[in-house]
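Here are the chains, one letter per residue:
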2 protein chains.
Amino acid sequence: MLTIGKLGEAAGVKVPTIRYYEQIGLLPEPERSAGNQRRYGQSALDRLAFIRHARELGFPLEAIRDLLSLTDNPHHSCAAADIIAKKQLAAVKARIARLTALKAELERMITQCAQGTVADCRVIESLSDHSHCAQDHHGTSELAE
Amino acid sequence: MLTIGKLGEAAGVKVPTIRYYEQIGLLPEPERSAGNQRRYGQSALDRLAFIRHARELGFPLEAIRDLLSLTDNPHHSCAAADIIAKKQLAAVKARIARLTALKAELERMITQCAQGTVADCRVIESLSDHSHCAQDHHGTSELAE
DNA sequence: CTTGAAGCTATAGCTACTAGAGACCTTACG
DNA sequence: CGTAAGGTCTCTAGTAGCTATAGCTTCAAG
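One structure accompanies this document, and this report is about it. (Residues numbered from 1 in each chain as written. Chains lettered and ligands numbered in written order. Predicted model: local features only at pLDDT ≥ 70, side-chain atom pairs only at ≥ 80, totals over all residues. Heavy atoms only, no water.)

**Observations regarding the protein's contact with DNA strand C**
- Near DNA strand C there are 18 residues, and of these Tyr21(A), Ser33(A), Gly5(B), Arg19(B) and Arg38(B) occur at the shortest range.
- Measuring from a phosphate oxygen of DNA strand C, one finds a side-chain N or O atom of Arg32(B) at 3.1 Å.
- Contributions of two or more residues to the surface near DNA strand C are made by α2 (15-23) of chain A together with α1 (4-11) of chain B.
- Ranked by the residues each element gives to the surface near DNA strand C, the list is headed by α2(A), at three residues.
- Residues of the surface near DNA strand C, tallied by class, amount to five nonpolar, eight polar and five charged. (Near = heavy atom within 4 Å. Polar contact = N/O pair within 3.5 Å; in protein donor to acceptor, adjacent residues only side chain to side chain. Helix = DSSP H or I, 4+ residues; strand = E, 2+ residues; numbered from the N terminus. Nonpolar A, V, L, I, M, F, W, Y, C, P; charged D, E, K, R; others polar.)

Right, here's the structure in full:
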């Protein structure tokens, strides 16, 4: 049986995060020791590793909740899981496209910086003005999800 | 003089966001009409456009605060602005690299989905297991900033 | 002068955690 | 068996960057 610390270490998740996942119902309430400490088995480790991996892939917790509910009754079709993954892929592609445009603009800003005073700094100027933008970045923000 | 709604429209920022920026000190408190409504001039529009553009480029508000303090006394060297921009560029590059790896893995997951039941769904399996990962994505999470 | 849109303040909520306080449990060593 | 270190407990509050709600007031058009 694993303590919460060992579980966290094994799965690569911090201890308070595990308790948080339990609180929001992503992890079931585990057994407790005589002294009220959480004790975990292999299934908790598997589930937590699953959650961690999905988080790393950028899935929001709600999507992970859905995926977990699929694994909890494994006789359903995996079409739902497929849809979730495709949605995530589309989001990832969109973010890459946006970030690539941002990268180009930042590089342009930096190379134009004359190392002078702020009064003629291209970095500041670029940020004050959209006219130099190589690509449109109005509308959906990279940061807004 | 612009109302808060017109200002938001002109700068592409939502009204509550403008009030939020004022609250946290990114925008100065504007004049008020006789009936206590905010009235803005050109300088507020410039400043707000600057903030919006910087946000779109992925700058955190604290970096924007620094950049604004540079523009507020424009006789300093622009080296500080340059440093902020370079730091941001590095962050953007790192995010692109990570997202590209995630994209590859998501694509692999999806193409392997056999359209069967969850029991043999590759999407689910991929998320349970790191062994197929084309690239390491332990450590720093894409989502963690 | 009326009406409807836009504005006001204040508070609470969102995601996904992270940090702190102060008490309690477990375990290894002597 | 005692003790000390370090892990764990609960609870609360904080983070970023907004967004939403409630209940009210003000403004501008007709």
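This is not the end of the story, as more comes after the structure.
**Quick word on the pattern of salt bridges**
- Taken as a whole and assessed by the stated rule, the structure comprises twelve salt bridges over all chains.
- The closest approach of N and O atoms between Glu62(A) and Arg65(A), which form a salt bridge, is 3.0 Å. Here Glu62(A) pairs with Arg65(A), and both are found in helix α4 (residues 61-72), just three residues apart, close to one helical turn.
- The residue Glu107(A) makes a salt bridge to Lys103(A) at a minimum N-O spacing of 3.8 Å. In this pair, Glu107(A) and Lys103(A) both sit in helix α5 (residues 79-112), four residues apart, roughly one turn of the helix.
- According to the relative accessible area criterion, Glu107(A) is partly exposed, its value standing at 29%.
- Judged by relative accessible area, which is 26%, Lys103(A) ranks as partly exposed.
- Sharing partners across several salt bridges, the network here consists of Lys93(A), Lys103(B) and Glu107(B). (Salt bridge = Lys/Arg side-chain N within 4 Å of Asp/Glu carboxyl O. Buried < 20%, exposed > 50% of the residue type's maximum accessible area, 1.4 Å probe, protein only.)

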